[in-house]
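The primary structure of each chain is shown beneath.
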Amino acid sequence: MSNIIRPTFGQPRRPEPVGDDDRVEVTTQRVYGEAGDHRVCLVRDDDAPGGEVYKVVVGRLSGQEVSTVAILPATAEGEVDAEMVALAILRTLSLIDEDDDTPGIA
């Protein structure tokens, strides 16, 4: 699973402002759940430069924007890996939310 998360070291997170022309509308294939104020979903991108892929995305409940946290090939194996990644992220977010709700823990 070394190909799941691909960080871009040394590059600015968002080199230039995103305009309306840069936005892409996606259809959610599966919603894994919500934790804190975030939602974790799976989308399929058939127009990706390298071919069809699954993307695990995370976004705030109050917004319309999402961030891609994992990109996997649109195969049966890729879907299984995407599910494992999405559930791990969802669990991590829920643990963070639990810590935020616990008195005395900063």
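As the structure is a prediction and not an experimental result, all values here were calculated from the model. (Residues numbered from 1 in each chain as written. Predicted model: local features only at pLDDT ≥ 70, side-chain atom pairs only at ≥ 80, totals over all residues. Heavy atoms only, no water.)

Here we come to the pattern of salt bridges. Any two side chains of opposite charge can pair, given that their charged atoms come close. Across all of its chains, the model carries eight salt bridges by this definition. A salt bridge links Glu83 to Arg30; the shortest N-O distance between them is 3.1 Å. One end of the pair, Glu83, is in helix H1 (residues 76-101); the other, Arg30, is in strand E1 (residues 28-35), and 53 residues separate them in sequence. One salt bridge in this structure joins Arg44 and Glu52, with 2.6 Å as the shortest N-O distance. Assessed through its relative accessible area of 43%, Glu52 is described here as partly exposed. Linked by salt bridges that have partners in common, Arg30, Glu79 and Glu83 make up one network. (Salt bridge = Lys/Arg side-chain N within 4 Å of Asp/Glu carboxyl O. Helix = DSSP H or I, 4+ residues; strand = E, 2+ residues; numbered from the N terminus. Buried < 20%, exposed > 50% of the residue type's maximum accessible area, 1.4 Å probe, protein only.)

A word on the environment of Leu95. Position of Leu95 relative to the elements: it lies in helix H1. The partly exposed category is assigned to Leu95, whose relative accessible area is 38%. Counting along the chain gives 59 residues from Leu95 to Gly36, while the straight-line C-alpha distance between them is 9.3 Å.

Side chains that are nonpolar tend, in soluble globular proteins, to be buried together. Counting 15 residues, the largest nonpolar core has Tyr32, Val40, Leu42, Val56 and Ala82 as its most contacted members. Listed by contribution, the elements that provide at least two residues to this core are E1, strand E2 (38-45), strand E3 (53-60), strand E4 (66-73) and H1. For this core, the leading source of residues is H1, giving five residues. With residues near it in sequence (within four places) discarded, Val56 still touches Val40, Cys41, Leu42, Ser67, Thr68, Val69, Ala70, Leu72, Ala82, Val85, Ala86 and Ile89. (Core = buried A, V, L, I, M, F, W, Y, C linked by side-chain atoms within 4.5 Å. Contact = heavy atoms within 4.5 Å.)

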